[in-house]
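Commentary on secondary and tertiary structure
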Amino acid sequence: MEKTIRTYNALLWGIVAMIVGLVMIVWSVRILQWGVKLIGVVAIVIGVVQFVSFMVRTKGMTDRWKYLPIAAPIAVIWGTLLLLSPELWTNLFLILFGVLLIFLGLYQLVSMYKIKKNGVKVPGFYFFFSILLMVAGIFAAAQPTYMASWFMTFIGAWILAYGVMEIFSYFTLRAPLEGHEAPVSQEKEETKAVDEEVKKIEE
């Protein structure tokens, strides 16, 4: 019974993964913006909770505002900005991410060049990867909206493929698994019957 529930859980998980993957592919940009809005809501909730906690802890204290945690208003303001303009913050994040990729690629390229200059043989694919990383960074910084859509589509496709594999493995492996469990359960019943006969003889 436990193994049957476990296999049905695998089938359910595969179906859920397929649905999530399809949603991320079809509404890739909206999903990212919803994620930004969710972060904004969480930030506001954290800021409000910190402020309420501050008000309760400092009740009756003089000069209580000196002890106000600066993170509380910052979290509320940042969360509000995320809710008001999620697309702007998504593009800003991808631009910063692209700049980071450019610096990482440039740093690796310079490091590989220094190593090669010291007489160490460096395979060409190291330089190719560094240049590819810089190109990806330039593309992300120049086209943040398209990059966001492509990134979410890629993740959605991966999740969709995972769900398909889960469902495929459920239908292809369930029959052999049940066929393997049947002789085992029959053997257990026969062993139990023999034990009962032995007990009757001993009595």
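Data block above holds the structure.
Residues numbered from 1 in each chain as written. Predicted model: local features only at pLDDT ≥ 70, side-chain atom pairs only at ≥ 80, totals over all residues. Heavy atoms only, no water.

**Thoughts on the overall build of the chain**
Across its full length, the chain holds six helices and zero strands. Secondary structure elements in the chain, listed N-terminal to C-terminal, are α-α-α-α-α-α. Sorting the 203 residues of the chain into buried and exposed places 22% on the buried side. Within the chain, contacts between residues at least 6 apart in sequence are counted, and of these 74% link residues at least 24 apart. (Helix = DSSP H or I, 4+ residues; strand = E, 2+ residues; numbered from the N terminus. Buried < 20%, exposed > 50% of the residue type's maximum accessible area, 1.4 Å probe, protein only. Contact = heavy atoms within 4.5 Å.)

**So, the packing of helix 2 (residues 28-57) against helix 3 (residues 71-84)**
Where helix 2 meets helix 3, the closest approach of the two axes is 7 Å, and the angle between their N-to-C directions is 155°. One element, helix 2, and the other, helix 3, form an angle in the roughly antiparallel class. In the crossing of helix 2 with helix 3, the sense of the turn from one axis to the other is left-handed. Contacts between helix 2 and helix 3 involve Val36, Lys37, Ile39, Gly40, Val41, Ala43, Ile44, Gly47, Val48, Gln50 and Phe51 on the former and, on the latter, Ala71, Ala72, Ala75, Val76, Trp78, Gly79, Thr80, Leu82 and Leu83. (Axes fitted to C-alpha atoms, helices over the stretch in contact; angles between N-to-C directions. Parallel < 35°, antiparallel > 145°, perpendicular 65-115°, else oblique. Left-handed = near helix turned anticlockwise from the far one by under 90°.)

**A word on the nonpolar core**
Membership of the largest hydrophobic core is limited to five residues, which are Ala17, Met24, Ile31, Met152 and Ile159. Those elements that place two or more of their residues in this core are helix 1 (2-26) and helix 6 (144-202). Among all residues touching Ile159, those that are not within four sequence positions of it are Ala17, Val20, Gly21 and Met24. (Core = buried A, V, L, I, M, F, W, Y, C linked by side-chain atoms within 4.5 Å.)

**So, helix 2**
In this model, helix 2 (30 residues) spans 44 Å end to end at C-alpha, consistent with the 44 Å of a helix rising 1.5 Å per residue. Among all positions of helix 2, only Ser28, Ile31, Val36, Gly40, Ala43, Gly47 and Phe54 are buried. (Expected span 1.5 Å × (residues − 1).)

**Section: the packing of helix 4 (residues 86-117) against helix 5 (residues 124-142)**
Contact pair helix 4 / helix 5: the axes reach a minimum separation of 7 Å and the direction vectors enclose 160°. Between helix 4 and helix 5, the angle is such that the two are roughly antiparallel. As for how helix 4 packs across helix 5, the hand of that crossing is left-handed. Residues belonging to the contact of helix 4 with helix 5 are distributed by class as follows: 19 nonpolar, five polar and one charged. (Nonpolar A, V, L, I, M, F, W, Y, C, P; charged D, E, K, R; others polar.)

**Re the side chain of Thr58**
Position of Thr58 relative to the elements: it lies in the loop between helix 2 and helix 3. Polar contacts involving the side chain of Thr58 include one to the main-chain carbonyl oxygen of Phe54, which spans 2.6 Å. (Polar contact = N/O pair within 3.5 Å; in protein donor to acceptor, adjacent residues only side chain to side chain.)

**Some points on the packing of aromatic side chains**
Tallying each qualifying case throughout the model produces four aromatic pairs. Pairing Trp150 with Phe154 gives two aromatic rings, centres 5.8 Å apart and planes at 15°, and the pair type is stacked. Of the two residues, Trp150 and Phe154 both sit in helix 6, four residues apart, roughly one turn of that helix. (Phe/Tyr/Trp six-rings, centres within 6.5 Å; stacked < 30°, edge-to-face > 60°.)

**Some thoughts on the side chain of Asn91**
Tracing the backbone through its elements, the reader meets Asn91 in helix 4. Residue Asn91 is classed as buried on the basis of its relative accessible area of 18%. If sequence neighbours within four positions are ignored, Asn91 has contacts with Pro144 and Thr145.

**Concerning a nonpolar patch on the surface**
A cluster of nonpolar side chains, Val48, Phe51, Val52, Val56 and Trp65, forms an exposed patch at the surface whose accessible area comes to about 480 Å². Along the polypeptide, Phe51 turns up in helix 2. (Patch = residues over 30% accessible without salt bridge, like charges linked within 9 Å, V, L, I, M, F, W, Y side chains within 5 Å. Areas by Shrake-Rupley, 256 points an atom, 1.4 Å probe, with all protein chains shown as cover. Salt bridge = Lys/Arg side-chain N within 4 Å of Asp/Glu carboxyl O.)

**Thoughts on the environment of Val20**
Looking at the element boundaries, Val20 is found in helix 1. For Val20, a relative accessible area of 37% puts it in the partly exposed group. As a C-alpha pair, Val20 and Leu160 span 140 residues in sequence and 7.3 Å in three-dimensional space.

**Observations concerning the environment of Ser149**
Mapped onto the elements of the fold, Ser149 is located in helix 6. Each residue touching Ser149, except ones within four places of it in the same chain, is listed here: Ser28 and Val29.

Geometry only, nothing functional implied.
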